[in-house]
Amino acid sequence: TAGARRTTPVAAANRPGSLLVRRERGIGDVLFALAVVYELKRSRPDLRVDFLTHRDHAGWVRWFHFVYAVHTSPPGGRYGRVIDLEAGLDCAHEGDRCRWMARQAGVAVSGFMPPPELTADLREEARRLLDASGHARLLCLAPYGSQASLIRSLTLEQIRAAASAASPDDRVVL
C-alpha cells in the first residue's frame, strides 16, 4: 500500500561476501548487535558488514570501524546473508539479549568489542566533559533489566576485568 513502511531489505545487485545486520530500536540492543557484528568480523575479516538502523543511531554506529556502511532505510542490493535482529527479537525474552543475538548470527560474543573511533572534535568535547566531572574516565557497565528480574548482559568476569582495568581516578558505574 502507498506510504507503508517496508521492513525487509530489497535485493538488486549481488554482494555474495557481504552481510546486512538490522537492528533499529533500543540503544542497548543496537550495541548488542554491534558486538555480534564485531565477532562476525573477527571470524571473517574479509566479510563486508552493513548495518541498518534508525536515523537516531546511525551517526554513532558509524564510529565503529568494523561496520562497512550504515543505512537508515533498506539498502538496494543482494547480500550474501541478512540477519534481522529487529523483526526476530522476542521483546519478552528474559535472558541475555546479546547472547541471543549472537546465536541468531551463529557466533558467540567472547569479550568486549573495541571502542568507537571518535573524531578529534568529539574527543575534545568528551575530554571537556570529563574534566568538568573530575574523573579521568567514566566506565559504564549496563546490565539488562526487566520488570521480572535483573539479568546481566556482562558476565561477572567481564565486569571484574573492566573494573580492575580502571585507574583510581576513574569512575565506574554499574
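Residues numbered from 1 in each chain as written. Predicted model: local features only at pLDDT ≥ 70, side-chain atom pairs only at ≥ 80, totals over all residues. Heavy atoms only, no water.

Undergrad: Honestly, the packing of aromatic side chains in this entry has me stumped. Any pointers?
TA: A ring pair, where both rings are aromatic, is described by two values, the distance of the centres and the angle of the planes. Counted by the stated rule, this structure contains 2 aromatic pairs. Ring plane angle 55 degrees and centroid distance 5.7 Å describe the contact between Phe 64 and Phe 66, whose orientation is recorded as tilted. Of the two residues, Phe 64 and Phe 66, neither departs from the other in class, the shared state being buried. A network of ring pairs unites the aromatic residues Tyr 38, Phe 64 and Phe 66 as a single cluster. (Phe/Tyr/Trp six-rings, centres within 6.5 Å; stacked < 30°, edge-to-face > 60°. Buried < 20%, exposed > 50% of the residue type's maximum accessible area, 1.4 Å probe, protein only.)

Undergrad: Even after reading the chapter, I still don't get the nonpolar core, so can you show me in this structure?
TA: A general trend in soluble globular proteins is that nonpolar side chains are found buried together. In this structure, Val 21, Leu 34, Phe 51, Val 67 and Met 101 are the most contacted members of the largest nonpolar core, which totals 30 residues. Going through the elements one at a time, strand 1 (14-22), helix 1 (27-43), strand 2 (48-52), helix 2 (55-61) and helix 3 (97-105) are the ones with two or more residues in this core. Examining the composition of this core, we find that 9 residues originate from one element, helix 1, more than from any other. (Core = buried A, V, L, I, M, F, W, Y, C linked by side-chain atoms within 4.5 Å. Helix = DSSP H or I, 4+ residues; strand = E, 2+ residues; numbered from the N terminus.)

Undergrad: Would you take a moment to explain the side chain of Arg 22 for this structure?
TA: Here Arg 22 lies in strand 1. A polar contact is formed between the side chain of Arg 22 and the side chain of Asp 84, at a distance of 3.0 Å. (Polar contact = N/O pair within 3.5 Å; in protein donor to acceptor, adjacent residues only side chain to side chain.)

Undergrad: Is there a simple way to explain the confidence of the model for the chain in this structure?
TA: On average, residues of the chain score 76 in pLDDT, and 70% of them reach the 70 mark or higher. Per-element mean pLDDT across the chain ranges from 46 in strand 7 (residues 150-151) up to 96 in strand 3 (residues 69-71). Here residues 1-14 is modelled with pLDDT under 50, and outside its nearest four sequence neighbours on either side it reaches 19 contacts, counting other chains as well. A low-confidence stretch, residues 145-152 stays under pLDDT 50, and its non-local contacts, those more than four residues away or across chains, total 14 contacts. (pLDDT = per-residue confidence, 0-100. Contact = heavy atoms within 4.5 Å.)

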